[in-house]
Amino acid sequence: MCLGGGGGPSQAEKETAVEQRVEADVAEREEVEQRAKKKREDISAALEARTERRGMRGGRGRRSLIRSGGAGFLGRFNS
């Protein structure tokens, strides 16, 4: 019959494990933040390139042919 032989980890082992877990969490968080920053930069660069290709640079963008203040398709036929 076994009378509680203390087979679990010691207090020092528990503290070491906790410290290692915290360090791993910090390293993972830093890596995630770096990936998010890189992704934001890539998205910004892609949007800037797209805007430059279209030549919009702060303009109105696409305008409706139907509702453009009388100068569109329907505005030509209204008397």
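Look up: the structure comes first, before these words.
Just so we're clear, the structure is a prediction, and the values are computed from it rather than from any experiment.

Asker: Which parts of the structure should I look at to understand the overall build of the chain?
Answerer: Each helix and strand counted, the chain has one helix and zero strands in total. Buried residues in the chain amount to 3% of all 79 residues.

Asker: Please clarify how a nonpolar patch on the surface should be interpreted in this entry.
Answerer: Together, Val18, Val22 and Val26 make up a nonpolar patch on the protein surface, roughly 210 Å² of accessible area in all. Secondary-structure assignment places valine 22 in helix α1 (residues 11–54). For valine 22, a relative accessible area of 47% corresponds to the partly exposed category.

Asker: What exactly am I supposed to notice about the pattern of salt bridges here?
Answerer: Oppositely charged side chains are able to pair whenever their charged atoms sit close together. Within the structure shown, the criterion is met by two salt bridges. Residue arginine 35 pairs with glutamate 31 through a salt bridge whose shortest N-O separation is 3.6 Å. Placement of both arginine 35 and glutamate 31 in helix α1 is noted, with a separation of four residues, approximately one turn of the helix. A relative accessible area of 44% means that glutamate 31 is categorised as partly exposed. For the salt bridge of aspartate 42 with lysine 38, the shortest nitrogen-to-oxygen distance reads 3.2 Å. In this pair, aspartate 42 and lysine 38 are both assigned in helix α1, four residues apart and thus about one turn of the helix distant. Assessed through its relative accessible area of 41%, aspartate 42 is described here as partly exposed.

The rules behind each value
Residues numbered from 1 in each chain as written. Predicted model: local features only at pLDDT ≥ 70, side-chain atom pairs only at ≥ 80, totals over all residues. Heavy atoms only, no water. Helix = DSSP H or I, 4+ residues; strand = E, 2+ residues; numbered from the N terminus. Buried < 20%, exposed > 50% of the residue type's maximum accessible area, 1.4 Å probe, protein only. Patch = residues over 30% accessible without salt bridge, like charges linked within 9 Å, V, L, I, M, F, W, Y side chains within 5 Å. Areas by Shrake-Rupley, 256 points an atom, 1.4 Å probe, with all protein chains shown as cover. Salt bridge = Lys/Arg side-chain N within 4 Å of Asp/Glu carboxyl O.

By themselves, these figures tell us nothing about what the structure is for.
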